[in-house]
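Listed below are the residues making up each chain.
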Amino acid sequence: MARDQLLLALLCLAASSLSAQAAGTDGRKMVGVYELKMGDFSVKVTNWGARLMSLVLPDSKGNLADVVLGKDTIAEYVNDTSYFGPITGRVAQRISRGRFVLDGKVYHLYRNDGRNTLHGGGRGFHKVVWTVKEFVPDCDSPYITFYYRSFDGEQGFPGSLDAYVTYRLSRPYTLGVHMSATAPDTATPVNLLQHVYWNLAGHGSGDVLGHTLRLFASRYTVLDGELLPSSGRVAPVAGTPLDFRTPTAIGARIRQVMGGKVVGYDANYVIDGKPVSMRPVAQVRDGASGRAVELWANQATMQLYTGNWLNNTKGKDGKVYNQYAGFTLETMGYVDAVNHPEFPSQTLLPGQEYKHDMVFKFSF
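Residues numbered from 1 in each chain as written. Predicted model: local features only at pLDDT ≥ 70, side-chain atom pairs only at ≥ 80, totals over all residues. Heavy atoms only, no water.

Asker: How do you make sense of the nonpolar core when you look at a structure like this?
Answerer: Among soluble globular proteins, nonpolar side chains are generally buried collectively. With 70 residues, the main nonpolar core has Leu55, Trp130, Tyr167, Trp198, Tyr269 and Phe362 as its most contacted residues. Membership of the second largest hydrophobic core comes to 14 residues, among which are Trp48, Ile74, Val78 and Tyr305. (Core = buried A, V, L, I, M, F, W, Y, C linked by side-chain atoms within 4.5 Å. Buried < 20%, exposed > 50% of the residue type's maximum accessible area, 1.4 Å probe, protein only.)

Asker: Even after reading the chapter, I still don't get the UniProt feature "binding site: beta-D-galactose" (unreviewed entry) in the protein chain, so can you show me in this structure?
Answerer: Look at the UniProt record and you will see "binding site: beta-D-galactose" (unreviewed entry) annotated at His195, Val196, Tyr197 and Asp266. Sequence-wise these annotated residues cover 72 residues; spatially they are packed, their C-alpha atoms never more than 14.1 Å apart. When only the residues just named are considered, the largest pocket is lined by His195, Tyr197 and Asp266. Relative to the elements of secondary structure, Tyr197 occurs in the loop between β15 (193-194) and β16 (212-215). Discounting residues that sit within four places of it in the chain, Tyr197 has contacts with Val67, Val68, Leu69, Ser82, Tyr83, Phe84, Tyr305, Gly307, Leu310, Gly326, Phe327 and Thr328. Within the secondary structure, Asp266 is located in strand β22 (residues 266-270). Contact partners of Asp266, with chain neighbours within four places excluded, come to Leu223, Leu227, Gly259, Gln303, Leu304, Tyr305 and Asn308. (UniProt positions renumbered as here; feature names shortened; annotations may be inferred. 1 Å grid on protein atoms, 1.4 Å probe; cavity = no way out; pocket = protein on both sides within 12 Å on 5 of 7 lines; lining within 4 Å. Helix = DSSP H or I, 4+ residues; strand = E, 2+ residues; numbered from the N terminus. Contact = heavy atoms within 4.5 Å.)

Asker: Would you take a moment to explain the pairing of strand β11 (residues 143-150) for this structure?
Answerer: As a general feature of sheets, a regular strand has side chains that alternate between the two faces. Across the eight residues of β11, seven count as buried, placing the element largely inside the fold. Relative to β11, strand β10 (residues 131-136) is paired through five bridges, and the arrangement is antiparallel. Note on β11: the bridge partner recorded for Val136 is Tyr143. Judged from the eight bridges that link them, β11 and strand β12 (residues 161-170) form a sheet pairing that is antiparallel. Bridge assignment links Ser150 to a residue of β12, and that residue is Leu161. (Pairing = 2+ DSSP bridges.)

Asker: How should I be thinking about empty space enclosed by the protein in this particular structure?
Answerer: One way to see where empty space is left: roll a probe the size of a water molecule over the atoms. One pass over the full model with this rule turns up one cavity of 30 Å³ or more. Taken as a whole, the largest cavity encloses approximately 40 Å³ of empty space. If you trace the largest cavity, you find it lined by Gly89, Arg90, Gly120, Arg123, Gly124, Phe125, Ser150, Glu154, Gln155 and Phe157. (Points joined across faces, edges and corners; volume = space filled by probe spheres on them.)

Asker: Any chance you could explain the pattern of salt bridges here in plain terms?
Answerer: Working definition: two side chains of opposite charge can pair if their charged atoms are close together. Inspection of every chain in the model, using the stated rule, returns eight salt bridges. The shortest N-O distance in the salt bridge between Asp162 and Arg149 comes to 2.4 Å. Pair noted here: Asp162 is in strand β12 and Arg149 is in strand β11, with a separation of 13 residues, a long-range link. For the salt bridge of Lys355 with Glu353, the shortest nitrogen-to-oxygen distance reads 4.0 Å. (Salt bridge = Lys/Arg side-chain N within 4 Å of Asp/Glu carboxyl O.)

The structure is reproduced here in structure tokens:
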């Protein structure tokens with residue numbers, strides 16, 4: 001508790017935005033907010049959790065809006081339980097019973113989701129300060145790279161891990177999120193994830209049930225009531241409320257879906273095509289604003305989540321987020337692969353490199 005209070009005090013002191021001039025050697029060690037901008041297209045990120053805090057772009061009439069749900073200040077993210085915009089890890093999503101076996105040894109993790117471990121544990125990568133390795137705001141393709149050294153035994157995981165994430169803007173209206181990691185000394189599971197909530201009409205503008213969604217996924221991972229793949233089974237989406245192979249309103253069949261213990265999507269899709277290669281994952285459009293986004297990525301699966309647990313949640317600019325106020329498109333490896341040998345392995349060996357690339361292409 002004392003450690004969290006100290007972190008909060010330090011974050012409150014450093015929560016103001018840092019300009020390019022302030023991001024020198026000393027600034028890179030502080031917790032701050034960094035902006036990347038290309039004309040009327042901009043994002044803000046922070047090294048607290050390597051988090052995407054905002055993304056502003058025009059609609060079909062030229063009106064600007066921030067389409068990312070979040071908080072006003074870094075300090076407000078310290079006790080956030082909704083995972084607004086961070087990189088999560090060392091292993092994202094759930095690990096059954098907070099345990100796994102690697103090379104014959106049983107590892108017990110910090111359990112922060114009932115009997116299970118969620119998004120790396122209570123102090124996963126979303127709850128740590130990343131180092132700003134590079135911040136290049138003044139170029140044709142502005143970018144920032146964050147780095148985090150996860151220590152051996154952190155939240156129960158074996159070995160140390162060097163993790164990187166780069167946020168990069170490019171034309172026209174494209175955001176790249178590039179994650180990588182290496183294990184210097186010991187094999188360890190790795191499954192990083194970017195957990196941003198989108199609302200293409202603008203954050204705080206109501207629900208996203210009218211957004212049309214197309215997914216390039218003809219199969220899904222069957223999850224149980226704890227959102228774990230207890231059976232290890234993959235099934236076709238055809239004939240189910242999970243079928244978005246043709247553009248369909250997010251809310252068209254949402255009342256038929258239980259996202260864990262509440263109504264809504266919290267479903268894991270197997271992306272069509274060959275993993276490791278960049279391929280289309282999703283297309284989403286908001287008819288009222290005309291804004292649309294197309295996601296490409298190189299991971300095996302994608303978690304669609306519709307903000308089922310948001311309930312009178314305080315957001316940015318005095319806005320309040322309620323159920324279905326945003327959606328996530330979380331590309332990643334298979335859920336709980338460490339406990340399912342039938343799924344592709346997520347174990348990273350020394351000398352190997354983990355790579356996770358996402359590209360969001362916006363239009364209006």
